[in-house]
Amino acid sequence: VIFSMEMTAENELDLRVIANVGDYNRAKIKDPNQYFNDKEKERWPTVLGEVAKTDLTIFDKSKQSVKEIYAKTRKIIKENPNKQVVVYIDYLTLMKPGEPFKTLDHHSVGAMTKDLKIMAKELDVPVVCLAQLSRGLEQRPDKHPIMSDLRESGSIEEDSNFIGFLYRESYYSKDDSDNSFEILVAKNRGGAIGKVNCIYNRYTGKL
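### A few points about the side chain of Ser160
Okay, so step 1: Along the polypeptide, Ser160 turns up in the loop between α6 (153–159) and β5 (162–167).
Okay, so step 2: Classification of Ser160 by relative accessible area gives buried; the value is 18%.
Okay, so step 3: Of the polar contacts made by the side chain of Ser160, one reaches the backbone oxygen of Ile156; its length is 2.7 Å.
Okay, so step 4: Contact partners of Ser160, with chain neighbours within four places excluded, come to Lys187 and Arg189.

### Section: the layout of surface pockets
Okay, so step 1: Approximately 180 Å³ is the volume found for the second largest pocket.
Okay, so step 2: Lining of the second largest pocket is provided by Ser65, Val66, Lys67, Lys96, Pro97, Gly98, Glu99, Phe101, Ser108, Ala111, Met112 and Asp115.
Okay, so step 3: Of the residues forming the lining of the second largest pocket, the biggest block, 4 residues, is contributed by helix α5 (residues 106–123).
Okay, so step 4: Of the residues assigned to the lining of the second largest pocket, the class counts are 5 nonpolar, 3 polar and 4 charged.

### Quick word on the nonpolar core
Okay, so step 1: Counting residues in hydrophobic clusters, the biggest one holds 23 residues, and the most contacted among them are Ile69, Val87, Ile89, Leu92, Met95, Leu116 and Met119.
Okay, so step 2: Only α4 (66–79), β3 (87–90), α5 and β5 provide two or more residues apiece to this core.
Okay, so step 3: Tallying contributions element by element places α5 first for this core, with 5 residues.
Okay, so step 4: Sequence-distant contacts of Val87, that is, excluding residues within four places in its chain, are made with Val1, Phe3, Ile69, Thr73, Met119, Val125, Pro126, Val127 and Val128.

### Details of the packing of α4 against α5
Okay, so step 1: Where α4 meets α5, the closest approach of the two axes is 10 Å, and the angle between their N-to-C directions is 15°. In this view, α4 runs roughly parallel relative to α5, as classed from their interaxial angle. The way α4 lies across α5 gives a crossing that is right-handed. Packed against α4, whose contacting residues are Val66, Ile69, Tyr70, Thr73, Arg74 and Ile77, the element α5 presents Met112, Asp115, Leu116, Met119, Glu122 and Leu123 at the interface.

Calculation criteria
- Residues numbered from 1 in each chain as written.
- Predicted model: local features only at pLDDT ≥ 70, side-chain atom pairs only at ≥ 80, totals over all residues.
- Heavy atoms only, no water.
- Helix = DSSP H or I, 4+ residues; strand = E, 2+ residues; numbered from the N terminus.
- Buried < 20%, exposed > 50% of the residue type's maximum accessible area, 1.4 Å probe, protein only.
- Polar contact = N/O pair within 3.5 Å; in protein donor to acceptor, adjacent residues only side chain to side chain.
- Contact = heavy atoms within 4.5 Å.
- 1 Å grid on protein atoms, 1.4 Å probe; cavity = no way out; pocket = protein on both sides within 12 Å on 5 of 7 lines; lining within 4 Å.
- Points joined across faces, edges and corners; volume = space filled by probe spheres on them.
- Nonpolar A, V, L, I, M, F, W, Y, C, P; charged D, E, K, R; others polar.
- Core = buried A, V, L, I, M, F, W, Y, C linked by side-chain atoms within 4.5 Å.
- Axes fitted to C-alpha atoms, helices over the stretch in contact; angles between N-to-C directions.
- Parallel < 35°, antiparallel > 145°, perpendicular 65-115°, else oblique.
- Left-handed = near helix turned anticlockwise from the far one by under 90°.

Rendered as structure tokens:
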């Protein structure tokens, strides 16, 4: 289940998933009939079948609250008793704060992270929540993010079981030949922390 707060068109998110699963160029996939070669067209039905197995559900209403996300997730779990539900939230500080908060600050963000943790425990589902980084890291020579770079980082650090950062050196160097990609595990309750080196395909979005 994906909860997107940016009013992104649902079919756009679907196309990104299809491109990732099928190793399709994300620029070409916008018009397969025009840009795909014969082999890519031939694989299309098979790839769609693989994506359909995930039973992906996207809610792209802007400013959703934890209460709304809880209710929708509980409904999906009830309708799919034999499936493992995973919740993705894109992203934390675009969510609507619950009462009595009127604006987003460290108090309202803290309340949301605690409520999301309660939701994960009560519904027994993994909750993967994206969060913004502060602009402070842009001023450092080393751009690798650390936990203090998380906006309203105190509550996120406290309530999360796992915190991971994604880093691409080519984002800063502008070197198109650099396809390195790092997953930085900053917190892992009950597990190891460290760095995982990957290869990133900028055209499909696949690691």
